[in-house]
Amino acid sequence: LPIIAAELADGEALVRVVVLTSIFNTNFNQLAFKLGGLLNREVMTLPFRRDMLLEEKHVESMRSVLKKFQASRGVLVAVREHMLSMQLKYLESCHKGKTAVAQQLKQLLDLIRDSARDIIDEA
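The text that follows walks through the structure, step by step, so that each part is easy to find. These figures come from a predicted structure and were not determined experimentally.

To continue, consider the packing of helix H3 (residues 56-71) against helix H5 (residues 99-115). Between H3 and H5, the shortest axis-to-axis distance is 8 Å and the interhelical angle comes to 15°. On the basis of their axis angle, the class for H3 and H5 is roughly parallel. You can see that H3 and H5 cross each other, and the crossing is left-handed. Of the residues in H5, those in contact with Glu-56, Val-59, Glu-60, Met-62, Arg-63, Leu-66, Lys-67 and Gln-70 of H3 are Ala-100, Val-101, Gln-104, Leu-105, Gln-107, Leu-108, Leu-111, Ile-112 and Ser-115. In terms of residue class, the contact of H3 with H5 is built from nine nonpolar, four polar and four charged.

Over its 16 residues, H3 runs 23 Å from end to end, which matches the ideal 22 Å to within 8%, given 1.5 Å per residue. By the burial criterion, the buried members of H3 are Val-59, Met-62, Arg-63, Leu-66, Phe-69 and Gln-70. Down the axis of H3, the sector holding all buried residues measures 130°, keeping them to one side. Seen from the open side of H3, the exposed residues pointing more than 90 degrees away from its buried face are Lys-57, Lys-68 and Ala-71. Just past H3, the residue Arg-73 takes up positive phi, approximately 70°.

Turning to the side chain of Asn-27, a few remarks are in order. Position of Asn-27 among the secondary structure elements: in helix H2 (residues 24-39). At a separation of 2.7 Å, a polar atom in the side chain of Asn-27 contacts the side chain of Asp-121. Ignoring sequence-local partners within four residues, the contact set of Asn-27 consists of Val-19 and Asp-121.

Rules behind the numbers
- Residues numbered from 1 in each chain as written.
- Predicted model: local features only at pLDDT ≥ 70, side-chain atom pairs only at ≥ 80, totals over all residues.
- Heavy atoms only, no water.
- Axes fitted to C-alpha atoms, helices over the stretch in contact; angles between N-to-C directions.
- Helix = DSSP H or I, 4+ residues; strand = E, 2+ residues; numbered from the N terminus.
- Parallel < 35°, antiparallel > 145°, perpendicular 65-115°, else oblique.
- Left-handed = near helix turned anticlockwise from the far one by under 90°.
- Contact = heavy atoms within 4.5 Å.
- Nonpolar A, V, L, I, M, F, W, Y, C, P; charged D, E, K, R; others polar.
- Expected span 1.5 Å × (residues − 1).
- Buried < 20%, exposed > 50% of the residue type's maximum accessible area, 1.4 Å probe, protein only.
- Arc of directions from axis to C-beta.
- Polar contact = N/O pair within 3.5 Å; in protein donor to acceptor, adjacent residues only side chain to side chain.

Functional significance is not addressed by these values, which are geometric in nature.
Right, here's the structure in full:
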């Protein structure tokens, strides 16, 4: 898994290793050790919950961090629940008329959709 992630993280693709919540800590630590320690690649996570209070600047910050992370050939470790929460928060923002936040979330989701390469690890 670390070899695949390192190969796909070429500066163009945003590599996401999607893991089960129950094994998140183990997988994150393993990838951080192997990619960070041996290959000097950054490994991070982007937790997201629907109950987060978001402003436009927060979402723009997330997008900026992801773009820099992508360019630096880092690997993102994610759980499905966080990915779905981000999509639902976008729909919720649209429904509640929070257009500025919704627009920023849409740009963030578009960045992920257009550049993410997902590696699913269900072991």
